[in-house]
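Structure at a glance
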Amino acid sequence: MITRPSARGWKNTLVGLSALALVSVIAACGSTSGGGSTPSGSATATPSPCGSNTVLSATCDTETQASVTLTGAGANSIEPFFETVFYEYNQKNSRTTVNYSPAGSSVGVSDIQQATVNFGDSEIPMTSSQLSAATGGTVLQIPVDLGGVAISYNVPGAPANLKLDGPTLAGIFDGSITNWDSPLIATVSGVSNLPNLAIKPVHRADASGPGYDLEQYLIDTAPAWVTAIGTSTPSRTWPLATVGIGEQLNTGVATYVSQTSGSVGFVEYGYALQNGFVNAAILDAAGAYVAPTEASIALAGAQAANLSSTNFNVVNETGAGVYPLANFSWTLVYQKQSDTTTAIALGKLLDWVVTTGQQDAAALGYSPLPANVASLAQKTILEIEGSTGTPLFSS
Amino acid sequence: MSSDSTGALPREGGPVSRVRAALLQKRTRPGEHAYTVLRWGGAGLFAAVVVALLISIAASSSQALAHSGVGFLWSGTWNPAAGEYGAGILVVGTLLTTAVAMVIVVPIGLGTAAFLSELAPGWLAGPLSTLIGLLAAVPSIVVGLWGLIVLTPIFANQVEPFLASMPLLGWLFRGEAYGPSILLASVVLAVMTLPTMVALSRTALAAVPVADREAALALGATRWQAVRKAVIPAARSGIQAAVTLAVGRAMGESIAVAMVIGNRPALPTSLTAPGATLGSAIVNQFAEASPGLGASSVIALGAVLLLLTVAVNAGGQALLRSGGGHRAGTAGALR
């Protein structure tokens, strides 16, 4: 008897909620179509300097003719950067909307192979065998951001920027160092009063770019690591999954580190910055302990003299003040695009991301692309072809 | 039903044969044809989808099975980074999490169902079953997030150290208190399977005739005795169906488990150790779909999961059939 009105109350609430949702959807549709039509009117009124609309330049990158929604998927590490630059681009050019799914680098690679997205993104460039499995022809790989991998820890009473070197990190992640008061850590870090607290190492459960970078560093610096994993080739899948625990994506690792005392994990520096983590200072090839900052990651990127999709490694670079765990993120697009309208929107978006968009990098925990890398990116974007097989863009 | 009654109708003479004629005519109406097509089409399509699924799973996993042979089933190492693929440890993890989840959910679910159907006053039963229904509508990823964000720190800091410090049972929970563990995954699975367990057992209990309850009470049974000895045994098959469905859901769940189990493909040394299941390994590796042995092995995990589910279901059915014979009715249970 009494449950009846309450059930009706539920129904009323549901009806109310769905009506609200409907209204907001209609409002959203109204605002996008309105936003789309206004600039198009002004564009036709004043002659555009962008000619046939295929010019890539600071002013023309935000001018396109048609409303396009681009979908992308890939690296989780680049998400904070992409989220911001795609939003800002949409503010400047409301005709282009981007939906990016940060499901992980391996999803970016497989989605572009299957051509289910307009662009993919991977922290590690595609290998030649991955490229040959792409169903849509030649894949262009464009460096779009420079990031670093932070070793973040949650140890009550420990100072920030704890000094760690390769062999110590290897010991933590292969399970041979199990407590924060270990003399091995005290010797390297110079901190003798770390608490008697079990180390809870957390790694990525899915295949990841940060895992690949850290593994590359450990292979370069810790012979014991090579022995433990039995190979000197890094892989995106974490090789010692039986030590510590595995969490999915940067968000999973960051969540675990933030709420578990004694934990230590590796995350993209942007996530460490967002979460306010304390990060280890890592021994670099020049013999100095360097903490991840925009500047120290930028110095690592500056070492990439002949960057290409086959020569992409900027881990453990030599040079003063260089942070050893750095990497470029690579956006993956098909050279030959089937739809010219989409291709124009895509090319202009990417050109904006690798030039103007880089201004956002520092605040988000990334470093702007060095000039030589930005020009490599722009050159690669110019190779995008329309459905006829001729290059679409001019600079 | 109509064909049965037409068959029983007298064959000759008078007004009755007109009814028969009308019924016979009805059988040829277009609606009947549509229904027949729908019936056979639906059944055929369903069977075709299942068969197609089985064939494609078998085909895609053949490379892994050819590489490791039947040993894939019990080979202990799952380390995709080193190209080592074996489902053994994941099978153990799957069975262990499911078993622990059932240990938690069966008593609680059955108790809740008995409370709702037998004891709870109407003003409480209604809202309570609505709440449990709502729980069924929560997507598993949300339950997983809740496990990761809310339960993980509670387990790492309070629950797991407390369990490890218990006398006698402490050895079951020894080892480092990471938070994510076999136990936490089982708790999350129990939460996810509770609505199934409660709703189906409640329906089964409600279907027991009132006369059975009254007979038990008339024989001097207390309310608890009546539920335990008269109602629950009579509803046994329905309750077993509920458990079977809950087991199936728990074994197949992947994303929520991957968020709270710690993803450690090693033989668990205690219930609070991190582990891995078939489902969680699939979630973590599916994206690494570079064609070849790796992708094939991930699909083979799916095939193993399918086999395991079928085996557990068949086991449950067999148990039901062997147990069902002895206790035909309430009287037997009360004796």
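Residues numbered from 1 in each chain as written. Chains lettered and ligands numbered in written order. Predicted model: local features only at pLDDT ≥ 70, side-chain atom pairs only at ≥ 80, totals over all residues.

Let's talk about the packing of helix α4 (residues 88–119) of chain B against helix α10 (residues 236–252) of chain B
Residue and element names in this part refer to chain B. What counts here: Here an axis means a line fitted to C-alpha atoms, over the contact stretch when the element is a helix, while the angle between two N-to-C directions is reported on a 0 to 180 degree scale. Helix and strand definitions here come from DSSP, where helices need a minimum of 4 consecutive H or I residues and strands a minimum of 2 consecutive E residues; each element is numbered from the N-terminal end. When an angle is under 35 degrees it counts as roughly parallel; over 145 it counts as roughly antiparallel; between 65 and 115 it counts as roughly perpendicular; any other value is oblique. Two helices crossing with the near one rotated counterclockwise from the far one by less than a right angle form a left-handed crossing, whereas a clockwise rotation gives a right-handed crossing. Once C-beta atoms have been placed from the backbone, residue pairs whose C-beta atoms lie within 7 Å are recorded as contacts. Polarity classes work like this: nonpolar for Ala, Val, Leu, Ile, Met, Phe, Trp, Tyr, Cys and Pro, charged for Asp, Glu, Lys and Arg, and polar for all others, with Gly in that last group.
In contact at an axis separation of 10 Å, α4 and α10 are set at 140° when each is read in the N-to-C sense. With respect to each other, α4 and α10 are oriented oblique. The element α4 and its partner α10 pack so that their crossing is right-handed. Contact residues: α4 offers T94, T98, A101, M102, V105, V106 and L110, while α10 offers I239, V243, A246, V247, A250 and M251. Grouping the constituent residues of the contact of α4 with α10 by class yields 11 nonpolar, 2 polar and no charged.

Things to note about the packing of helix α12 (residues 340–354) of chain A against helix α13 (residues 371–381) of chain A
Residues and elements named next belong to chain A. Where α12 contacts α13, the axes come no closer than 10 Å and their chain directions differ by 175°. Here α12 is positioned roughly antiparallel relative to α13, judged by the angle of their axes. Residues G347, L350, D351 and V354 of α12 pack against A374, A377, Q378 and I381 of α13. A class-by-class count of the residues in the contact of α12 with α13 yields 5 nonpolar, 2 polar and 1 charged.

Some remarks on the interface of chain A and chain B
The interface of chain A with chain B comprises 30 residues on the first partner and 31 residues on the second. Counting residues per element, the ones that place at least two in the side of chain A that touches chain B are α1 (3–45), α3 (105–113), β7 (245–247) and α9 (249–259) of chain A. Grouping the constituent residues of the side of chain A that touches chain B by class yields 12 nonpolar, 16 polar and 2 charged.

Some remarks on the sheet that holds strand β5 (residues 163–164) of chain A
What counts, and what does not: Should DSSP find at least two bridges between two strands, the strands are taken to pair.
In spatial order, the strands read β5-β10-β11 (chain A); together these 3 strands make up an open sheet with mixed pairing. On the outer flanks of this sheet lie β5 and β11 (289–290) of chain A, each paired with one strand and no other.

Looking at the pairing of strand β4 (residues 139–154) of chain A
Residue and element names in this part refer to chain A. Selection criterion: Any residue whose C-beta has 12 or fewer other C-beta atoms within 10 Å is treated as exposed, any with 20 or more as buried, and any in between as partly exposed, C-beta atoms being built from the backbone.
Taken across its 16 residues, β4 has 16 buried, putting it largely inside the fold. Across 9 bridges, β4 lies against strand β12 (residues 326–334) in antiparallel orientation. Bridged to D145 within β12 is S329. Direction of pairing for β4 relative to strand β8 (residues 263–268): antiparallel, over a ladder of 6 bridges. Paired with A150 across the bridge in β8 is V267. In the sheet, β4 pairs with strand β9 (residues 278–279) via 2 bridges, with the strands oriented antiparallel. The residue of β9 that forms the bridge with S152 is N279.

Observations concerning α4 of chain B
Put simply, the rule is: What a helix is expected to span follows from its residue count: subtract one and scale by 1.5 Å. The angle between axes fitted to the seven residues ending at a residue and the seven residues starting there is what we call the bend at that residue.
When the terminal C-alpha atoms of α4 of chain B are compared, their 45 Å separation across 32 residues agrees well with the 46 Å that a helix rising 1.5 Å per residue should span. Along α4 of chain B, the sharpest kink reaches roughly 30°, centred on V105 of chain B and followed within four residues by the proline P107 of chain B.

What about the environment of I219 of chain A?
Residues and elements named next belong to chain A. Inspection of the secondary structure assignment puts I219 in helix α7 (residues 209–221). Residue classification places I219 among the buried positions, given that 20 C-beta atoms sit within 10 Å. It is 28 Å that separates the C-alpha atoms of I219 and G120, two residues lying 99 residues apart in sequence.

Looking at the confidence of the model for chain B
Residue and element names in this part refer to chain B. Note the cut-off: As a per-residue measure, pLDDT reflects the predictor's confidence and takes values from 0 up to 100.
Residues of chain B with pLDDT of at least 70 account for 89%, and the chain-wide mean is 85. The element-level mean pLDDT for chain B is lowest in helix α14 (residues 330–334), coming to 39, with helix α7 (residues 182–206) highest at 95. Note on residues 1–7: pLDDT under 50 across the span, and 4 contacts to partners over four residues away in sequence or across chains. Segment residues 325–335 is flagged for pLDDT under 50; beyond a separation of four residues in sequence, or across chains, it makes 15 contacts in the model. For this predicted complex, the interface confidence score (ipTM) comes to 0.79, while the overall pTM stands at 0.81.

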